[in-house]
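Results of the structural survey
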Amino acid sequence: NSTTETIGKTSKLINGLSKGNVNGVFNAAYFDSNKQELTLINDRLGFRPLYYMETEDWFAYAGEVKALLTLLDRTPKVDEVSLRQFFGFNHMLGNRTWWEGIEMVPSASVFTVSENGVTVRSYWSFDEIKSQSQDPMEVEKEFANLWSLDVSRHSKEGTMPFLLSGGLDSRFLLAELIEQGADLVAITFGSEESAEMKPASYIASVAGIPHRRCYLNTDNWWHRREEAIWQTDGLVNANHLHYAITMDYMHTGNLYSPINIVGDLLFGGSHL
């Protein structure tokens, strides 16, 4: 709409971030033509990568590295530090990418680009969460309320494909979705002898929902992994892209799937 309205919405977004009123996975970009100033904002965890590069003549950003590579006359050098990190930890640390000169916008950032240069302001960190002594029963009650509200807010109508493992995360989420009357199709991947298959089948049976099994074997191990590597800009080791085999199964219903990996991603042993 009007420039004034857009500026107002951007200011409201930035203020809301600082107060913790903005929830979700997002990247936002705003260009103020009067100030010749670009502002990039991402969510607290930087869940969706936002890449950037700059030269003496220009600055560019994109949601995929591939878009930035098209701007260059030649492919940049592979970042040797990133290469060592990837083979050492299965992923790059910090804001590195495979390429020299291309980085990711840090998570929880208000990233401003102007003729005066680039400034980065962090609006949130885990260090800001203060330790408080609370009654365990009150904490449990509040968590239950917030959990139910958040699952409901991030759900959609229609059949939802649901990745079901034998783990606690997915069982916990499944129980809440069923409580809320969601229409689900459970999908489990792994070898036929996998420790995930038997409990997942039992859980789906108890829940009374359809269950599709994606068996991994030597014939289909690479199926759709190349596509997944392309989609993730090579940031994830192919050894950990087992979910790629479920892509055909996940294309069902409303194409929307609740995600149940964040607990492991933040606090568990996931290499993602």
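The numbering scheme is per chain: residues are counted from 1 as the chain's sequence reads. pLDDT decides what is reported in this predicted model: residues at 70 or higher carry local features, side-chain atom pairs at 80 or more are listed and counted, and totals for whole chains, interfaces and linings draw on all residues regardless. Side-chain metrics in this entry use all non-hydrogen atoms of the structure; hydrogen atoms and water are not considered.

Take the overall build of the chain next. Secondary structure assignment for the chain yields nine helices and 10 strands. Going through the 272 residues of the chain one by one, you find that 33% of them count as buried. Contacts between residues were defined by any pair of non-hydrogen atoms, one from each residue, lying within 4.5 Å. Contacts spanning at least 24 positions in sequence make up 55% of the contacts within the chain whose residues lie at least 6 apart. Summed over all atoms, the accessible surface of the chain reaches about 17300 Å², with 52% contributed by carbon and sulfur. What counts as a helix is a DSSP run of H or I of at least four residues, what counts as a strand is a run of E of at least two, and both are numbered from the N terminus. Exposure is judged per residue with a 1.4 Å probe applied to protein chains only, and the accessible area is read against the type maximum: over 50% gives exposed, under 20% gives buried, and values in between give partly exposed. Areas reported as accessible are Shrake-Rupley estimates using a 1.4 Å probe. Residue values count occlusion only from the protein chains shown.

Attention now goes to the pattern of salt bridges. In what follows, salt bridge is the name for a side-chain nitrogen of Lys or Arg lying within 4 Å of a carboxyl oxygen of Asp or Glu. Tallied over the entire structure, the rule returns seven salt bridges. The partner of glutamate 80 in a salt bridge is arginine 84, with the nearest N and O atoms 3.1 Å apart. With a gap of four residues between them, glutamate 80 and arginine 84 both fall in helix α3 (residues 80-89), about one helical turn apart. One salt bridge in this structure joins aspartate 150 and arginine 153, with 2.7 Å as the shortest N-O distance. Here the residue aspartate 150 and the residue arginine 153 both occupy positions in helix α4 (residues 136-153), the gap between them amounting to three residues, near one helical turn. Its relative accessible area of 31% is what places aspartate 150 among the partly exposed residues. Each of Glu64, Lys66 and Asp233 takes part in a single network of salt bridges with overlapping partners.

Turning our attention to the confidence of the model for the chain. The predictor attaches a confidence to each residue, called pLDDT, with possible values from 0 through 100. Averaged over all residues, the pLDDT of the chain equals 86, while 88% of them reach at least 70. In this model, residues 266-272 is a region of pLDDT below 50 whose contacts with residues beyond four sequence positions or in other chains number 13 contacts.

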